[in-house]
Amino acid sequence: MKLFYSFFILFFLSGTMAFSKNSNGFAKCSEFLESLSEGMNACVGSKCKQVWVNTINPSLTTKQNDNEFITNLQQFEVEFHARVGLAAFIGERVIRKNNSYARTIETDPFSLLFQKKYFCITNKENLKFVGSLKY
């Protein structure tokens, strides 16, 4: 009987963890977050601060298996895309090498600091990142 309870608790916990990983904390966007356009926005609520808004299609994120141990993998990837987009927004450089051109960003995406971060799913089922920049 003790073995049965141990198995049941292990099964229950792994099922609960799998559920939380699959949802990845993406709630439906509020009307306000839905209304924010991609790019730099100056005002959020009653305070005017610069925020970066980035929206991506979920097909650009990794599908996470239930038995993986990485939590919030999709959130990490959504934020990564947002950071790279912001770094490119700040400044890109075009390099010409062997008659071909390549774009490179001049700012390290991980050097950017966000005071607050929000993740949500839009009405069109895209994943939205909203981050207020920390100065």
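Look up: the structure comes first, before these words.
Residues numbered from 1 in each chain as written. Predicted model: local features only at pLDDT ≥ 70, side-chain atom pairs only at ≥ 80, totals over all residues. Heavy atoms only, no water.

**Q** Tell me about the nonpolar core, and name the residues and values.
**A** If you look at the biggest cluster of nonpolar residues, it comprises 13 residues, and the most contacted ones within it are Val78, Leu86, Phe114 and Phe129. For this core, the elements supplying multiple residues, two or more each, are strand S3 (47-56), helix H3 (73-90), strand S6 (114-121) and strand S7 (127-133). Excluding residues that lie within four positions of it along the chain, Phe129 makes contacts with Trp52, Val53, Asn54, Val78, Glu79, Ala82, Phe114, Lys117, Tyr118 and Phe119. Ranked by size, the runner-up nonpolar core spans 7 residues in total, among them Leu33, Leu36, Val51 and Val53. (Core = buried A, V, L, I, M, F, W, Y, C linked by side-chain atoms within 4.5 Å. Buried < 20%, exposed > 50% of the residue type's maximum accessible area, 1.4 Å probe, protein only. Helix = DSSP H or I, 4+ residues; strand = E, 2+ residues; numbered from the N terminus. Contact = heavy atoms within 4.5 Å.)

**Q** Describe in detail the packing of aromatic side chains, supporting the description with residues and values.
**A** Under the counting rule described, the total for this entry stands at 5 aromatic pairs. Geometrically, the ring pair formed by Trp52 and Phe89 is tilted, given 5.1 Å between the ring centres and 50° between the ring planes. With Trp52 in strand S3 and Phe89 in helix H3, this pair connects stretches of sequence that are 37 residues apart. Ring centres of Phe114 and Phe129 lie 5.2 Å apart, and the angle between their planes is 75°; this geometry places the pair in the edge-to-face category. Note that Phe114 is positioned in strand S6 and Phe129 in strand S7, a separation of 15 residues in sequence. Phe129 matches Phe114 in its accessibility class, with the two residues each being buried. Among the aromatic residues, those joined into a ring-pair cluster are Phe26, Phe114, Phe119 and Phe129. (Phe/Tyr/Trp six-rings, centres within 6.5 Å; stacked < 30°, edge-to-face > 60°.)

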